[in-house]
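# Observations on chain architecture
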There are 2 protein chains.
Amino acid sequence: MSTQTADPIQLVVSNWRSQNKRVDQLLATFTPEQWQKEIAPGRNRGIYLLGHLTAVNDALLPLFGLGERLFPELEAAFLRNPDRTPGFEFPSVEDLQDKWQTVNATLEGHFAKMTAEHWLGRHTAVSEADFANEPHRNKLNVLLNRTVHQGFHLGQLELLK
Amino acid sequence: MSTQTADPIQLVVSNWRSQNKRVDQLLATFTPEQWQKEIAPGRNRGIYLLGHLTAVNDALLPLFGLGERLFPELEAAFLRNPDRTPGFEFPSVEDLQDKWQTVNATLEGHFAKMTAEHWLGRHTAVSEADFANEPHRNKLNVLLNRTVHQGFHLGQLELLK
């Protein structure tokens, strides 16, 4: 028996969850040394992308009006600056793994309670006036974008294998 | 004025279209030589991924019951076999670019006429009996998966810059 429905909103949430699981699988298979490797010569390291994806998911909390970020300290190192910016000491892979899972479990808890009206309502980065003209700028669209964004970096992380 | 709506189905179609546009942008900026490069040492070449994404989109036509593939000859080289399989001579980048655009224009023509019922109906790779128990195996979910899949390879193509 499948628990999945044909509801388009739940299809999007389910696909976001699938992408998270793919990162979980990499965490279960890559060694800490693999995470320190560059995805291609001179490009981001795996650990940077892990921190980046964690920070991006964490930022969904305030963007969806669900609360504050859990780990705001990730923003400067993994969102606002590129890999190897002087002055940042990265957390360990184990620490980032814990944060990754905490963020996603927190989001899942909220998502389980969100109604269609909530999903199709505006996110906090769009004003009410703009949203009236641009109703596609809703939370569901953000989650869809983030899912594709995660796929984008998973394609790169795959190269660490 | 935005033409976009909050309809979850149209959000998914719109995100698929955005990913196609990102490939179009790469086609407008990369030289034919860049497409011949590997995304990382020993990995797929850009031209293989371009053929792969074209073949994947082309396969949506029969999968959605919209007709036959336009370019079935791409399947063996770009879907069923990895890059550098002996015995395949690749089309030129210019030829693949034409096929890419023809496939997407054809799909767009169909998508413009598809109703919600059609999107949420089964695709041709799932039987009616299985679909009764697994209603999430609909066309919309396939398009969502393909959009993320395209993001996955766009993350790799980005490395050719």
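Residues numbered from 1 in each chain as written. Chains lettered and ligands numbered in written order. Predicted model: local features only at pLDDT ≥ 70, side-chain atom pairs only at ≥ 80, totals over all residues. Heavy atoms only, no water.

Helix and strand counts for chain A come out as 9 helices and 0 strands. Ordered by position in the sequence, the α and β elements of chain A form the string α-α-α-α-α-α-α-α-α. In terms of overall dimensions, chain A has a C-alpha envelope of 45 × 40 × 25 Å along the principal axes. The buried share of chain A, taken over its 161 residues, is 49%. At a minimum sequence separation of 6, the contacts of chain A that also span at least 24 residues come to 68%. Counting 16 positive and 19 negative side-chain charges, chain A places the averaged centre of each group 4 Å from the other. (Helix = DSSP H or I, 4+ residues; strand = E, 2+ residues; numbered from the N terminus. Buried < 20%, exposed > 50% of the residue type's maximum accessible area, 1.4 Å probe, protein only. Contact = heavy atoms within 4.5 Å. Lys, Arg positive; Asp, Glu negative; His and termini not counted. Charge placed at Lys NZ, Arg CZ, Asp CG, Glu CD.)

Let's shift gears to the packing of helix H1 (residues 8-29) of chain A against helix H6 (residues 93-111) of chain A. Residue and element names in this part refer to chain A. Relative orientation of the contacting elements H1 and H6 amounts to 160 degrees, with a least axis distance of 12 Å. One finds that H1 runs roughly antiparallel with respect to H6. Judged by the sense of rotation from one axis to the other, the crossing of H1 with H6 is left-handed. Side by side, H1 and H6 meet where Val-13, Trp-16, Arg-17, Asn-20, Val-23, Asp-24 and Leu-27 of the first sit next to Val-93, Gln-97, Trp-100, Gln-101, Asn-104, Leu-107, Glu-108 and Phe-111 of the second. (Axes fitted to C-alpha atoms, helices over the stretch in contact; angles between N-to-C directions. Parallel < 35°, antiparallel > 145°, perpendicular 65-115°, else oblique. Left-handed = near helix turned anticlockwise from the far one by under 90°.)

What follows covers unusual backbone geometry. Residue and element names in this part refer to chain A. Residues other than glycine seldom take positive phi values, yet Arg-84 does so here, at roughly 70 degrees. Mapped onto the secondary structure, Arg-84 falls in the loop between helix H5 (74-80) and H6. On the basis of relative accessible area, Arg-84 is assigned to the partly exposed category, the value being 40%.

This paragraph deals with the relation of the copies chain B and chain A. It takes a turn of 180 degrees to lay chain B on chain A, together with a shift of 0.0 Å along the axis; the resulting RMSD is 0.0 Å. The relationship between the two copies is best expressed as a two-fold rotation axis. Residue Phe-152 of chain B of chain B places its C-alpha closer to the rotation axis than any other residue of that unit, at 2.1 Å. The share of interface residues of chain B whose copies in chain A are also at the interface is 100%, consistent with both copies meeting through the same surface. (Least-squares fit on C-alpha atoms with pLDDT ≥ 70 in both.)

Attention now goes to the interface of chain B and chain A. Many structure descriptions define interface size as the accessible area lost when the parts assemble. At the interface, 36 residues of chain B touch 36 residues of chain A. Here chain B and chain A share an interface that buries about 2900 Å² over both sides, 68% of which is from carbon and sulfur atoms. Counting the surface chain B buries against chain A, the share from its top three residues, Val-148, Phe-152 and Leu-159 of chain B, is 20%. Of the residues assigned to the side of chain B that touches chain A, the class counts are 17 nonpolar, 14 polar and 5 charged. (Buried area = accessible area lost by both parts, 1.4 Å probe. Nonpolar A, V, L, I, M, F, W, Y, C, P; charged D, E, K, R; others polar.)

The subject of this paragraph is the packing of aromatic side chains. All names here are of chain B. Under the counting rule described, the total for this entry stands at 16 aromatic pairs over all chains. Between Tyr-48 and Phe-78, the aromatic rings sit 5.8 Å apart at their centres with planes inclined by 45 degrees, giving tilted as the arrangement. Here Tyr-48, found in helix H3 (residues 46-58), pairs with Phe-78, found in helix H5 (residues 74-78); they are 30 residues apart in sequence, far enough to count as distant. The exposure classification of Tyr-48 matches that of Phe-78, with both residues buried. Considering the side-chain rings of Phe-111 and Trp-119, the 4.9 Å spacing of their centres and the 65 degrees angle between planes classify their relative orientation as edge-to-face. (Phe/Tyr/Trp six-rings, centres within 6.5 Å; stacked < 30°, edge-to-face > 60°.)

Considering every residue of chain A, the mean pLDDT works out to 96; 98% of them sit at 70 or more. Taken over the whole predicted complex, pTM reads 0.96, whereas the ipTM for its chain interfaces reads 0.95. (pLDDT = per-residue confidence, 0-100.)

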